[in-house]
Every structure is written in structure tokens, then in C-alpha cells.
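Tertiary structure, described
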Amino acid sequence: MSEFSERILADAPRKTRVENLRLIWLILIPLVAILFQVYVPRYIPFLQNLELPLLVTVHFALTRRGPASAVFYGASIGLVQDSLSHLPLGMFGIVKTLVGYFAASVSMRFDVENPFVTFILTFFFYFFHQFFYWVLARALLGQALGFDPQQTFVFGVLNAIVSLPLFHILDKLKVAA
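Residues numbered from 1 in each chain as written. Predicted model: local features only at pLDDT ≥ 70, side-chain atom pairs only at ≥ 80, totals over all residues. Heavy atoms only, no water.

A few points about the overall build of the protein
Helix and strand counts for the protein come out as six helices and zero strands. Counting from the amino terminus, the protein carries its helices and strands in the arrangement α-α-α-α-α-α. By residue count, 37% of the 177 residues in the protein fall in the buried class. Counting only contacts in the protein whose residues sit at least 6 apart along the sequence, the fraction spanning at least 24 positions is 67%. Counting only carbon and sulfur atoms, one obtains 69% of the accessible surface of the protein, whose full area is about 10,300 Å². (Helix = DSSP H or I, 4+ residues; strand = E, 2+ residues; numbered from the N terminus. Buried < 20%, exposed > 50% of the residue type's maximum accessible area, 1.4 Å probe, protein only. Contact = heavy atoms within 4.5 Å. Areas by Shrake-Rupley, 256 points an atom, 1.4 Å probe, with all protein chains shown as cover.)

Here it is, written out as C-alpha cells:
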């Protein structure tokens, strides 16, 4: 065997391991965030305002910087979240698809490595998520949901604060993958 083919065979198990870790990172992290969003607020009601699936979607979109992959990722997370919640199917899917697209588009124009920029963008996308969900619920479903901008502002700040350490942890996990 040639030296080149020996090197390829030696690298094969490492590449497979990296691909498996990447697959786990792409599937397991959002699933944990969705399960947290669905089940933890039953025991700690205040945590229902912590939108971890949205934060994972925003992180993916900001780090990947590809609108096409962010749309697919946001739609997938939203639809799985819809299927595990009591809410109408498709609402989170639509909203998280839009958030993924816009976050990936914005990430190409801003330095998303800066924590202050990440904080502002996460706050903005939380507010956008909540507002657009409210618009869709009223327009498509005819539901009379209330939208309190002050409360949304406070929970947006909470989610933006949580996003900073969460994004740091996700970045570390991504490097390991």
C-alpha cells in the first residue's frame, strides 16, 4: 500500500467519530432544549419564558451564517416543538423558520463573535419571535392572544442574558465535535 492510502485509512475512524459528534450536536442539543421547554415549566412555571429552542436556533444561524441551512434547522426545531406541545402544529415551525433565516442573514453583516452584538441580536430575535407568533395566532387562527411589549421586553432581556453563557457552552461543544 502506498503512504497516501495508509494515511486515509488511519484518518477514517477519526473522521467517522467527528461526523458522529457533529450529528449528535445537531440533533441532541435541540432535542434537549425542546424537552426542557416542554417539560420543565410544568414544575417551575417561571421557566416557560426561557425559550431555549429559539436560543439554539439563533446560535445555529449566527454561527453557520447560511440562510438555507438555518431555515431548515429552525423549521425542524419549531415543528418538533409544536409536536410536543399543546399548541397548534406549525406555528413555532413558521416563526423559527423566519428567525433562522433572518439571524443567518444578519450574521453575514455583523461581528457575531462580539458578546454585546450577540446580546442585542438575541434580544431582537426573541422580541421578533414573540411578536410574529402573536401576529400569526391572530391572523391565521383567530385567537385573541394578548401581547404585552413591556413583559416581552423583560423576558427578551432574560433570554439575551441566558444566551451569552449558553452560546459559550455550545461553542465549546461544537469545537469538541
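The rest of the description comes next.
Details of helix α4 (residues 91-107)
Between its first and last C-alpha, α4 extends 24 Å over 17 residues, near the 24 Å set by a 1.5 Å rise per residue. Taken together, the buried positions of α4 are occupied by Met91, Phe92, Gly93, Val95, Lys96, Thr97, Val99, Gly100, Ala103, Ala104 and Ser107. Check the buried side of α4 and you find it contacts α2 (52-64), α3 (67-84) and α5 (115-140). (Expected span 1.5 Å × (residues − 1).)

A closer look at the packing of aromatic side chains
Under the definition given, this model contains 14 aromatic pairs. When the centroid spacing of 5.7 Å and the interplanar angle of 40 degrees are considered together, the rings of Phe131 and Trp134 count as tilted. Of the two residues, Phe131 and Trp134 both sit in helix α5, three residues apart, roughly one turn of that helix. Of the residues examined, Phe131 reaches a relative accessible area of 37% and is grouped as partly exposed. (Phe/Tyr/Trp six-rings, centres within 6.5 Å; stacked < 30°, edge-to-face > 60°.)

A few points about the environment of Ile94
The residue Ile94 is located in helix α4 in this model. Residue Ile94 is classed as partly exposed on the basis of its relative accessible area of 37%. The spatial distance from the C-alpha of Ile94 to the C-alpha of Gly74 is 8.4 Å, given a sequence separation of 20 residues. With near-sequence residues (within four places) excluded, Ile94 lies in contact with Phe132, Leu136 and Leu140.

Some details on the packing of α2 against α5
Between α2 and α5, the least distance of the axes is 11 Å, while the angle of their chain directions is 125 degrees. The orientation of α2 with respect to α5, classified from their angle, is oblique. Along this stretch, α2 crosses α5, giving a crossing that reads as right-handed. Where α2 abuts α5, its residues Leu54, Leu55, Val58 and Leu62 lie against Leu121, Thr122, Phe125, Tyr126 and His129. Residues that form the contact of α2 with α5 fall into these classes: seven nonpolar, two polar and no charged. (Axes fitted to C-alpha atoms, helices over the stretch in contact; angles between N-to-C directions. Parallel < 35°, antiparallel > 145°, perpendicular 65-115°, else oblique. Left-handed = near helix turned anticlockwise from the far one by under 90°. Nonpolar A, V, L, I, M, F, W, Y, C, P; charged D, E, K, R; others polar.)

Regarding the side chain of Thr152
Relative to the elements of secondary structure, Thr152 occurs in helix α6 (residues 149-176). Given a relative accessible area of 9%, Thr152 falls into the buried group. Contact partners of Thr152, with chain neighbours within four places excluded, come to Tyr126, Phe127, Gln130 and Phe147.

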